[in-house]
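# Architecture and fold: a report
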Amino acid sequence: MDNPVAPPAKRRLLKLAAALAGALLVLALSLPPLAKHIIGPERLREMAQKALTDALGRDTVLSGDVSITMTPWLGLSMGPVAVAQAPGFGDGPMFAARQVEMTIRMAPLLAKVISPGSVRARDVTVHLARAADGRTNWDDLAAPQDAQAGSGWTVVPQPRAVHLDNVAVRYDDATTGKTLAVTGARLRTGLGQPFDFAASFEAMGLVPDGQLQCHLQGRASFDPGSGRLGLHGVRVETGLVIDAPLVPGGAVPTRVVSRLTLDYDAAAAALTLSDIDARANGLRLTGTAGVSDLPGAPRLAAKLTLDADLLGGWRAILGLAKPGSPESLVAAPDEPQASATSPAAPAAPADAALTAPLPNRLTAGLTLAGDKDGLHLTDLTARLPRGTVHGAARLVPGDRPALSGQFTAEDVDFDALGLGGGGGWPVPGPWIFGLDLDVTLPGKKQRTGGLHPLTRIYYEMRDIFVSMGFDVMDGPEVEYDKYNFTMLNMPKDHPARDTQDTFYVSDDVVLRTHTSPVQIRTMLAQKPPIRMICPGRVYRSDDVDATHSPIFNQMEGLVVDKGISLAHLKGTLNVFLKEFYGEDTVTKFRPGHFPFTEPSAEVDATCSKCHGKGCPVCKGTGMIEVLGCGMVHPNVFGHVDIDAERFVGFAFGLGVERLAMLRYGVD
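This one's a predicted model, so the numbers in the text were calculated from it and none came from an experiment. Note that residues are indexed from 1 along each chain, following the sequence as it is written. Residues qualify for local features only when their pLDDT is at least 70, as the model is predicted, and side-chain atom pairs are given and counted only at 80 or more; totals for whole chains, interfaces and linings, by contrast, use all residues. As a rule here, side-chain values cover all heavy atoms of the structure and leave hydrogens and water aside.

## Quick word on the overall build of the protein
Rule in force here: Starting at the N terminus, helices and strands are each numbered in turn, a helix being any DSSP run of H or I of at least four residues and a strand any DSSP run of E of at least two. When a residue's accessible area, from a 1.4 Å probe over protein chains only, is under 20% of the maximum for its type it is buried; when over 50% it is exposed; and in between it is partly exposed. Throughout, a residue-residue contact means that at least one pair of heavy atoms, one from each residue, lies within 4.5 Å. A 1.4 Å probe and the Shrake-Rupley method give the accessible areas. Residues count as covered only by the protein chains that appear here.
Per the secondary structure count, the protein includes twelve helices and 31 strands. The buried share among the 667 residues of the protein stands at 37%. A sequence separation of at least 24 residues applies to 55% of the contacts in the protein between residues at least 6 apart. Surface accessibility of the protein: about 37,100 Å² in total, with carbon and sulfur atoms responsible for 59%.

Next comes the structure, spelled out in structure tokens:
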């Protein structure tokens, strides 16, 4: 058996190691204030300004202070920051930000290399431009800078977590005369490689008189050596509103919404679009598409399906006449009615629904291929209510564009078409063959709406949690009693089961009173580690008043893993509330009670109305309750077959309407 008493030499070595570790810790903690005291705030600002100017090759102005905030990563906070515009592109700055915070690796600084890690910027304005001769105001930024021309500092980005808030980008292209404006852009990325990210923005100018809203969520990877950015399973949701008529006499506005999944393989230079689902009034386009050989010689391949209601609102958008008689292509002929005394018709075959004409519907399958020489419709198969059309076409762009094609129709009644426009033409024939365009008359500007405040708050809450690595889960609103109550540690005699508090569909089916059942379903479907949020509508049997509603929205969260503690819960919620309300937000955790957590807590945050000074909204306390939380009760783990001795978890819940009222000052 070994002697438990260490020899004197070994004890001296351990004491020396402990003393050295303590000295290093003291040095790390004292280095930032010591450096700032020795260098001085003004000199520190000048050094940072000089390093950025040399690295970018542009005059960079730091109007505020530059401070060191942490080690061993060197944390810098500076702002306002402004980077000068390129020569010949005006006097205003190309880039400006109210505040920029970043962490910088300390070891490369010895070689005069600035290697940023995490970056956070607020209230950013970027002005991009292309001159009539093709020059851009970012050409010199893309080129490497001569280290000998200035102080020799260079920038090598290695981003870990990027947070950009309230970004506005304006792009003026003098070669085309067009302007693109992006406002309200937000970006949050996670840590490591690959990393989760979420982004949203609004854009004007992509199409004339058009406004685009876009939300993205997925994973990305960045290679600092090559500068390549890869995208993996990115969900893209867009809404496009065009205020001007697409054709003379067409209805306005035009609204198009779409969803798709985007993947980009940077090494193969290939972009893939899957699960495409785009919809307008009476039109739906689905399918997949891919673009290869980017960016030099892009090649397009797509397989799409178009479904159209031939009496839909898209006809008014294109300015088409109303459909004619039932004998036209718009409607299939009525079937003769069988008399009451006639024998019953034989049963239709099982696939009859797939082959019979659909009244007032057009379904078309399209296979497309494209390159720099043009766009080729390699195959078209369109099913009309009466007949089928097959064909192929090719569009060659250029100064003298050319369109050619071959089409074959089967069982189509051409006598009912009426090419003159008075015979009930159901497709855009009169528009194509008799276009009368007056470009001198300006259109009437139509004011368009925006996202509902609750939707905006939901997107912002979701993006913050996604940036921290949370998955977004969904579940049914009509829920089993066992998922809504029993498995959440609320037995049969619990007061929440009273019919005065809950809408019952049957004895064991209810309208969910919270989104916690989604947590149960998630723990049953997958084993730890789990990190998820579950937003959605919930229902309570409450009368409508200033603080209650029978229908409202919740966003709950759950984390289950080994070694989870109350400190992780407090840290997660502090990060969320500071991101949502601002860095100066103060939080307070009070003891609370929830059947499914133990211990439980209520969380108060600085009142957004008075900023902690005291007002009627916060009842003079300066704090206001915002959410409930706690550590997952072991009984809950027992219902989902998770070992409470090995795994620990925390949960929290927020009311979307409550946070929206606090954000927008609704009493």
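## A short note on the packing of helix α10 (residues 566–581) against helix α12 (residues 656–664)
In plain terms, the rule: Axes here refer to lines fitted to C-alpha atoms; in helices the fit is confined to the stretch in contact. Angles between the N-to-C directions go from 0 to 180 degrees. Here is the rule for angles: anything less than 35 degrees is roughly parallel, anything more than 145 is roughly antiparallel, 65 through 115 is roughly perpendicular, and the remaining ranges are oblique. Residues are grouped as follows: Ala, Val, Leu, Ile, Met, Phe, Trp, Tyr, Cys and Pro are nonpolar; Asp, Glu, Lys and Arg are charged; all remaining types, including Gly, are polar.
Two elements in contact, α10 and α12, have axes separated by 12 Å at closest approach and are oriented at 40 degrees. Judged on the interaxial angle alone, α12 and α10 are oblique. In contact with Phe576, Phe580 and Tyr581 of α10, α12 contributes Leu659, Leu662 and Arg663. Looking at the contact of α10 with α12 residue by residue, the class counts come to five nonpolar, no polar and one charged.

## As for the pairing of strand β12 (residues 210–223)
The following threshold applies: In this analysis, strands are considered paired if DSSP registers two or more bridges between them.
Where strand β11 (residues 195–204) and β12 come together, ten bridges link them in antiparallel fashion. Within β12, the position partnered with Asp196 by the bridge is Arg219. Where β11 folds back on β12, the antiparallel hairpin that results is connected by five residues, among which Gly205 adopts a positive phi of roughly 105 degrees.

## Considerations on the pairing of strand β21 (residues 402–410)
Note that strand β20 (residues 388–396) and β21 share nine bridges and pair antiparallel. The partner of Ala393 across the bridge, within β21, is Gly405.

## With respect to the nonpolar core
Grouped burial of nonpolar side chains is what soluble globular proteins tend to show. Stated formally: Only buried residues count toward a nonpolar core. Its members are Ala, Val, Leu, Ile, Met, Phe, Trp, Tyr and Cys residues joined through side-chain atoms within 4.5 Å.
Met461, Phe465, Phe576, Val626, Leu627 and Phe652 are the most contacted members of the largest nonpolar core, which has 31 residues in total. Among the elements that make up this core, the one with the highest residue count is α10 (six residues). In terms of nonpolar packing, the next biggest core, distinct from the first, is built from 29 residues, Phe197, Ile276, Ala308 and Leu310 among them.

## With respect to the side chain of Asp463
For the record, the criterion: We call two N or O atoms a polar contact when they sit within 3.5 Å, provided that within protein one can donate a hydrogen and the other can accept it, with sequence-adjacent residues counted only if both atoms are side-chain atoms.
With respect to the element layout, Asp463 can be found in helix α7 (residues 453–467). Within the structure, the side chain of Asp463 is placed 3.4 Å from the side chain of Arg186, a separation counted as a polar contact. Ignoring anything within four residues of it in the chain, the contact list for Asp463 reads Arg186, Arg188, Ala198 and Ser200.

## Describing the side chain of Ser600
Note that Ser600 resides in strand β29 (residues 597–606). For Ser600, the side chain forms a polar contact with the main-chain nitrogen of Phe594, separated by 3.3 Å. For Ser600, the residues in contact, after removing those within four places along its chain, are Arg590, Pro591, Gly592, His593, Phe594, Cys629 and Gly630.

## Topic: the packing of aromatic side chains
Here is the rule: The aromatic pairing rule takes the rings of Phe, Tyr and Trp, using the six-membered ring of Trp, and pairs them if the centres are within 6.5 Å, calling planes under 30 degrees apart stacked, those over 60 edge-to-face and the rest tilted. In our convention, an over-ring charge means Lys NZ or Arg CZ found within 6 Å of a ring centre and within 35 degrees of that ring's normal.
Using the criterion set out here, one finds ten aromatic pairs in the structure. Residues Tyr458 and Tyr459 carry aromatic rings whose centres are separated by 5.5 Å and whose planes lie at 45 degrees to one another, so their mutual orientation is tilted. Relative accessible area serves as the criterion here: at 23%, Tyr458 is assigned to the partly exposed category. Each member of the aromatic cluster is reached from another via a ring pair, and the members are Phe465, Phe470, Phe576, Phe580, Tyr581, Phe650 and Phe652. The ring of Phe589 carries Lys570 above its face, with NZ or CZ at 5.2 Å from the centroid. Here Arg663 stacks its cationic end above the ring of Phe580, 4.2 Å away from the centre of that ring.

## A few points about α7
Definition in use: An expected span of 1.5 Å times one less than the residue number is assigned to each helix.
Given a rise of 1.5 Å per residue, 15 residues ought to cover 21 Å, and the 21 Å separating the end C-alpha atoms of α7 matches this to within 8%. Among the residues of α7, those classed as buried are Ile457, Tyr459, Glu460, Met461, Arg462, Asp463, Ile464, Phe465, Val466 and Ser467. Phi for Gly469, located one or two positions after α7, is positive at around 95 degrees.

## Details of the pattern of salt bridges
Which entries qualify depends on this criterion: Within this document, salt bridges are pairs made up of a side-chain nitrogen of Lys or Arg and a carboxyl oxygen of Asp or Glu, the two lying within 4 Å of each other.
Overall, the coordinates contain 24 salt bridges when judged by the stated rule. Between Asp165 and Arg186 there is a salt bridge, with the nearest N and O atoms lying 3.8 Å from each other. Residue Asp165 is found in strand β9 (residues 162–173), and its partner Arg186 is found in strand β10 (residues 178–189); the two are separated by 21 residues along the sequence. With a shortest N-O distance of 4.0 Å, Asp481 and Lys492 are connected by a salt bridge.

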